[in-house]
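What follows is each chain in one-letter form.
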Amino acid sequence: MKQQAALLQRCFFCKNELYSTLVDISDELNFEWVVNGSNLDDKGDYRPGMKAANLHKVRSPLIENEFTKKDIRKFASKRNLETWDRPASPCLSSRLPYGTKVTVEALLMVSNSEKYLRKLGFKIVRVRHYNSKALIEIPKNEFRKFKSKYDEISKELQKIGYKEIELESKGFMSGSLNIKA
């Protein structure tokens, strides 16, 4: 039970370690704060890493100034930043269901699968890792394209290590594993 609770808090432990190290560095450099890139939209999701931020001198200026992802993209576009429309890129461990041990092998399977699918033109893609099964999340408007390339995709993901490939019928939804947490 204790181990399962720890697995549910993996984001907390990771961020706690990260912020602890960054605060040490900021103290050495006489910086008053460490900042993160959390925005107002992040407050509506399960974010154990935010608890870690609260334990350290970490601020979230985008939240403090009530910026949403949409606001950030708008301002970045106005300033001609190349990344203004780049899809969100959360930590790869977020592709593993809570309670699943995070391993280098699993993260590489996810990373290699997503890189491959992006090369095929799927700009927004998540490969949810269920051991030997890959649950693919893409926007619904790309289902036809996926299905037309299914055999090719299946062969490549099997080379990467997945025995079963499934398309999530609800389509891509950011934070979908948090709904089940």
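The coordinates are above.
Here the structure is a predicted model, which means the values were calculated and not measured. (Residues numbered from 1 in each chain as written. Predicted model: local features only at pLDDT ≥ 70, side-chain atom pairs only at ≥ 80, totals over all residues. Heavy atoms only, no water.)

Caption draft 1: View of a nonpolar patch on the surface. There is a patch of nonpolar side chains on the surface, built from Leu18, Leu22, Ile25, Leu29 and Phe31 and spanning about 440 Å² of accessible area. Mapped onto the elements, Phe31 comes out in the loop between helix H2 (10–28) and strand S1 (34–35). (Patch = residues over 30% accessible without salt bridge, like charges linked within 9 Å, V, L, I, M, F, W, Y side chains within 5 Å. Areas by Shrake-Rupley, 256 points an atom, 1.4 Å probe, with all protein chains shown as cover. Salt bridge = Lys/Arg side-chain N within 4 Å of Asp/Glu carboxyl O. Helix = DSSP H or I, 4+ residues; strand = E, 2+ residues; numbered from the N terminus.)

Caption draft 2: The side chain of Ser26, seen in detail. Tracing the backbone shows Ser26 in helix H2. Contacts of Ser26, omitting those with residues within four sequence positions, involve Phe31, Val34 and Lys57. (Contact = heavy atoms within 4.5 Å.)

Caption draft 3: Representation of the side chain of Ser38. Looking at the element boundaries, Ser38 is found in the loop between S1 and helix H3 (48–55). Looking at Ser38, the relative accessible area reads 12%, which means it is buried. Setting aside chain neighbours within four positions, we find Ser38 in contact with Met50, Ser60, Leu62 and Ile63. (Buried < 20%, exposed > 50% of the residue type's maximum accessible area, 1.4 Å probe, protein only.)

Caption draft 4: Here's a closer look at the packing of aromatic side chains. For the structure shown, the criterion picks out 4 aromatic pairs. Pairing Phe12 with Phe13 gives two aromatic rings, centres 5.5 Å apart and planes at 75°, and the pair type is edge-to-face. Look at Phe13 and you get partly exposed, because its relative accessible area is 46%. One aromatic cluster is present, built from ring pairs that chain together Phe122, Phe146 and Tyr150. (Phe/Tyr/Trp six-rings, centres within 6.5 Å; stacked < 30°, edge-to-face > 60°.)

Caption draft 5: Region of the structure containing the pattern of salt bridges. With the rule as written, the count across this model stands at 10 salt bridges. The partner of Asp42 in a salt bridge is Arg47, with the nearest N and O atoms 3.0 Å apart. The partly exposed category is assigned to Arg47, whose relative accessible area is 35%. Across the pair Arg95 and Glu114 runs a salt bridge, and its minimum N-O distance is 2.8 Å.

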